[in-house]
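Report on the structure
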Amino acid sequence: MKKVLFASSEIHPLIKTGGLADVCGSLPPALQTLGVDVRLIMPNYQALKTTEEIYYKSTIQVNNIDAHILETRLPETDVVVWLVHCPQFFDLPGNPYVDEKGNAWLNNAERFALFSRVVVEIAMNRGYLDWMPDVVHCNDWQTGLVPALLSLEKDRPKTVFTIHNLAYQGLFPKQIRLELNLPAALWHVNGLEFNGFLSFIKGGLVYADQITTVSQTYAAEIQTAEFGYGLEGLLSYRQAQLCGILNGIDTDYWNPATDPVITAHYDQLTLPNKSLNKAALQGQVGLPVLKQVPVFALISRLVEQKGIDLILECLPEMLLLPVQFVLLGSGDKIFQQKLLDFAVLYPEKMAVTIGYNEDLAHQIEAGADIFLMPSRFEPCGLNQLYSQQYGTVPIVRKTGGLADSVCDTLPETLKNNTATGFSFNEATPGALMEAIKRSLIVFSDSVVWAQLQINGMQIDYSWRKSAGDYLALYDKI
Ligand code: ADP
Ligand code: GLC
C-alpha cells in the first residue's frame, strides 16, 4: 500500500480561508478510497473546529522549539490528521495567515518554517509515529521548505509540490534565513534565493521531484511572463516535471439533492424546485421575491485576482437591466466599501453580505440563476464547479481552470449539449458586460436555459478521475 503524507496549511472542515482547504479536505479521502494510506498534517490553530477527539502522540524538537504532535481524524472519514501543536505560533486568535485585525502575522516565516520542519521529521520517521511515507505531497508556499529540506536527506521519500496559487510565494527578507537556521547549501539563486529575498515557494519549485498545479491551462500560463511572477523561467526549465491536474469537488457536500442547508432539494429531474431556493434566497437577503428576474451571484475573496474591479465598473450598467445581484465575500476594504455603496444605491437590486458564511454560500449556489467569476487569473476555481452542480450557470473569464471547466454557449455547443456557461477573453468591463448580456438573451428562453443547467449538472466533477491522476503520478516518481 502506497503511503502518502499530505501537508497543508488549511483543510476543510477543520479550517478554511479558500479553495486550498476544500481540496485538501476532499482529495485525501478520495485517495484513500483508491487504496492509498494517506495521512494529513497541518498546524493546530486556535480557530480549528472539529467534532472528533484529539489525542497526544509525541513531542519533537526542531530548531530548538518543542512541537507536539496530536492525532485526530478528518471529520466523517477515517483519514488520520496530525496536528502540529506549538502554542506560541498557532494557539492565537485569527486565521492561518492573519491576526484578528486582518494583518499578516509578523512571524509567518518562523511559523511555516517550523511547520515544514516538523513535516520533514515525520517524513523521515523521526516523529515517533512509527510510519514513513513513500511520498510527501506539499501544497503552496507554506510547505515549500519541505522539499528543499528533504532534498538534503538520505533515503528520503519522494516529493510532490502542488501550486494552488503562484501569486502567494512566501517572500521574506533574506536575513530571516539565519534565524530560521536554514542550511547554507540551500541559499543561492538556483535555490531559495529570489531577487534578494528568501522564497518559500521556490523550495517546492526547485527541489520537489514533481510539481503539479490545479488545471492544465494554468500549468501552461505560469510558464509565461504574464502569469509567472518572475518564476516563469524556472517553471519552464522544470516543465518535464510539471503538470496540471484539474481539481475535483466533494460531491456529497456540494449536492443540491441532499444539501442540508438549502430550502428545497432538487436534481436534474426536479429542477423546477430550484425556484423555491431562489425565493428563499431573495427573501433572506432582502430583495423583492420575483421569479422571472434573473439572480446573479458572486461568492469570493474580494481581491484583485477575482476581477472585482471589473464587476465594480460594470455595476452601473448592469443594475439598469432587469436583474438582481447577490454577493457574499470579504477581503480588500476598498472593494468591500464600494460594493456596499452600490447596495445602498440599489436596495431593490443588489444585496451584499460582507463576511465568511459557509451556509449562505450553499444557499446562494442553490438560489441563484447565474454565477459571476470574471477572474484575472484562476489556477482552478471551485465555485464554477459547484455552480454547475447546482444548475447555476457560470459566467467566467477564459483563464486557468475556468477555461478548462466551462464550455461557452455557442450555436454548436448548444446543439451538441456541451454548453455549460458563458466565457469571455479580455479582462475588460466591456467583455464582461457583453457576456452578461448574452446570458440574459439565453435566460429569456426557459427551455434552452434548462438544457444549459442540465448540461452542467450532468458532468462528473467528483475526484474520481483526478485522484487517479495523482495516484499515477505517485507511482511514476
Ligand atoms: P480561492 O481559493 O482562490 O479563494 P476557489 O474558487 O478555489 O478560490 O475557492 C473558494 C472557496 O471559498 C469556495 O469554496 C467558496 O465557496 C469559498 N468562499 C469564498 N469566500 C467565501 C465567503 N465569503 N463565504 C463563504 N465561502 C466563501
Ligand atoms: C487557490 C486558487 C484557486 C484554486 C484553489 C484550490 O486558492 O486561487 O483557483 O481553486 O487554490 O486549488
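Just above, that's the structure.
This section reports on the structure supplied with the text. Residue positions are given per chain, counting from 1 as you read along its sequence in written order. Each chain takes a letter, starting from A, and each ligand takes a number, starting from 1, following the order in which they are written. Note on the predicted model: pLDDT of at least 70 is required for a residue's local features to be given, and 80 or more for side-chain atom pairs to be given and counted; whole-chain, interface and lining totals, by contrast, use all residues. Values shown for side chains rest on all heavy atoms present in the structure; no hydrogens or waters enter the calculation.

1. Examining the overall build of the chain
Our working rule: Helix and strand labels come from DSSP, where a helix needs a run of H or I of at least four residues and a strand needs a run of E of at least two; each type is numbered from the N terminus. It is over C-alpha atoms that the radius of gyration is taken, and the globule rule equals 2.2 Å times the number of residues to the power 0.38. Buried, partly exposed and exposed residues are distinguished by accessible area as a fraction of the type maximum, computed with a 1.4 Å probe on protein chains only: under 20%, between the cut-offs, and over 50%, respectively. Whether two residues touch is decided by their heavy atoms; if any such pair falls within 4.5 Å, the residues are in contact. Only the protein chains shown count as cover for residues, and the accessible areas themselves come from Shrake-Rupley with a 1.4 Å probe. Just so you know, the count uses Lys and Arg for positive and Asp and Glu for negative, and it drops His and the chain ends. By convention, the charge on Lys lies at NZ, on Arg at CZ, on Asp at CG and on Glu at CD.
Broken down by element type, the chain carries 19 helices and 18 strands. A globule of 477 residues ought to have a C-alpha radius of gyration of about 23 Å, and the chain, at 23 Å, matches this closely. Along the three orthogonal principal directions, the C-alpha set of the chain runs to about 65 × 45 × 45 Å. Within the chain, buried positions represent 57% of all 477 residues. When contacts within the chain are restricted to residue pairs at least 6 apart in sequence, those whose partners lie at least 24 apart make up 69%. Summing over all exposed atoms, the chain offers an accessible surface of approximately 19200 Å²; the carbon and sulfur share of this is 53%. Put simply, the chain has 35 plus and 50 minus side-chain charges, and the middle of one group is 4 Å from the middle of the other.

2. Quick notes on the packing of helix α11 (residues 308-318) against helix α17 (residues 429-443)
A pair of packed helices is characterised by two quantities: the angle between their axes and the separation of those axes. Under the convention used in this document: Between N-to-C directions, angles span 0 to 180 degrees; the directions come from axes that are lines fitted to C-alpha atoms, helices contributing only their stretch in contact. When an angle is under 35 degrees it counts as roughly parallel; over 145 it counts as roughly antiparallel; between 65 and 115 it counts as roughly perpendicular; any other value is oblique. Here a crossing is called left-handed whenever its near helix is offset anticlockwise from the far helix by less than a right angle, and right-handed whenever the offset is clockwise. Polarity classes work like this: nonpolar for Ala, Val, Leu, Ile, Met, Phe, Trp, Tyr, Cys and Pro, charged for Asp, Glu, Lys and Arg, and polar for all others, with Gly in that last group.
At a minimum axis distance of 9 Å, the contact between α11 and α17 shows a crossing angle of 50°. As the angle between them shows, α11 and α17 are arranged oblique. Note that α11 runs across α17; the crossing there is right-handed. Residues Leu310, Ile311, Glu313, Cys314, Glu317 and Met318 of α11 touch α17, and the partners they reach there are Pro429, Leu432, Met433, Ile436 and Lys437. Residue classes in the contact of α11 with α17 are distributed as 8 nonpolar, no polar and 3 charged.

3. A look at the site of ligand 1
Stated formally: If a single non-hydrogen atom of a residue is within 4 Å of a molecule or strand, that residue counts as near it. Each polar contact in these results corresponds to two N or O atoms within 3.5 Å; when the atoms are within protein, one needs to be able to donate a hydrogen and the other to accept it, and residues that are neighboring in sequence are counted only if both atoms are side-chain atoms. Domain delimitation in this document rests on an assignment produced automatically or drawn from a domain database.
Close to ligand 1 lie 20 residues; Gly19, Asp22, Arg301, Lys306 and Gly355 are nearest. With respect to ligand 1, the backbone of glycine 355 contributes an N or O atom lying 2.8 Å from a nitrogen atom. At a separation of 3.3 Å, an oxygen atom of ligand 1 approaches a polar side-chain atom of asparagine 383. Relative to its unbound accessible area of 560 Å², ligand 1 is 93% covered by the protein chains. Going through the elements one at a time, α1 (19-33), β13 (295-302), β14 (324-331) and α14 (383-389) are the ones with two or more residues in the shell around ligand 1. By residue number, the principal contributor to the shell around ligand 1 is β13, which donates 3 residues. Taken together, the residues of the shell around ligand 1 sort by class into 6 nonpolar, 9 polar and 5 charged. Counting the residues that make up the shell around ligand 1, at least three belong to each of domain 1 (3-248 + 464-476) and domain 2 (268-460).

4. Looking at unusual backbone geometry
Cis peptide bonds are those with omega within 30 degrees of zero, and the linkage from histidine 12 to proline 13 qualifies with 5°. The residue proline 13 is located in the loop between β1 (3-7) and α1 in this model. For asparagine 125, which is not glycine, the phi dihedral falls at a positive 60°. With respect to the element layout, asparagine 125 can be found in the loop between α3 (108-123) and β6 (135-139). Here aspartate 140, not a glycine, exhibits a phi torsion of approximately 65°, which is positive.

5. Focus on the nonpolar core
As a reminder, the rule being used: Buried Ala, Val, Leu, Ile, Met, Phe, Trp, Tyr and Cys residues that are joined via side-chain atoms within 4.5 Å together make up what is termed a nonpolar core.
Membership of the largest hydrophobic core comes to 122 residues, with the highest contact counts inside it found for Ile41, Val118 and Phe200. Residues Leu310, Ile311, Leu372 and Ile395 belong to the second largest nonpolar core, which totals 37 residues.

6. So, the packing of aromatic side chains
The condition is simple: Aromatic pairs are defined between Phe, Tyr and Trp rings, using the six-membered ring for Trp, whenever the two ring centres lie within 6.5 Å; interplanar angles under 30 degrees are classed as stacked, those over 60 as edge-to-face, and all others as tilted.
The full count for this structure, using the stated rule, is 16 aromatic pairs. When the ring of tryptophan 254 is compared with that of tyrosine 390, the centres are 6.1 Å apart and the planes differ by 75°; the resulting orientation is edge-to-face. Remark: tyrosine 390 occurs in the loop between α14 and β17 (393-397) and tryptophan 254 occurs in the loop between β12 (242-244) and α10 (274-285); sequence separation between them is 136 residues. For tyrosine 390, a relative accessible area of 0% translates into the label buried. By the ring-pair criterion, three or more aromatic residues cluster together here, those being Tyr97, Phe112, Trp141, Phe172 and Phe200.

7. Focus: the sheet that holds strand β9 (residues 193-194)
Worth spelling out the cut-off: Strand pairing requires that DSSP identify at least two bridges connecting the strands.
Taken in spatial order, the 3 strands make up an open sheet running β8-β10-β9, and their pairing is antiparallel. Each end of this open sheet is capped by a strand with a single partner; those strands are β8 (171-173) and β9. The sheet contact formed by β9 and strand β10 (residues 197-199) spans 2 bridges and is antiparallel. In the sheet register, glutamate 193 faces β10, and the bridge partner there is leucine 198.

8. Things to note about the pairing of strand β7 (residues 158-163)
Condition: The crossover handedness rule: strands pointing away from the viewer, path from first strand over the helix to second strand clockwise, crossover right-handed.
Of all the 6 residues making up β7, 5 are buried; the element is thus mostly covered by neighbouring parts of the structure. Pairing of β6 with β7, which is carried by 5 bridges, proceeds in the parallel orientation. Bridge pairing in β7 links valine 135 to lysine 158. Crossover handedness for the path β6 to helix α4 (residues 145-150) to β7: right-handed.

9. Here we look at the site of ligand 2
Ligand 2 sits among 13 residues. The nearest are His164, Asn247, Glu378, Cys380 and Gly381. For ligand 2, the protein covers 93% of the area, taking 310 Å² as the surface of the free molecule. Summarising the domain contributions, the shell around ligand 2 has at least three residues from each of domain 1 (3-248 + 464-476) and domain 2 (268-460).

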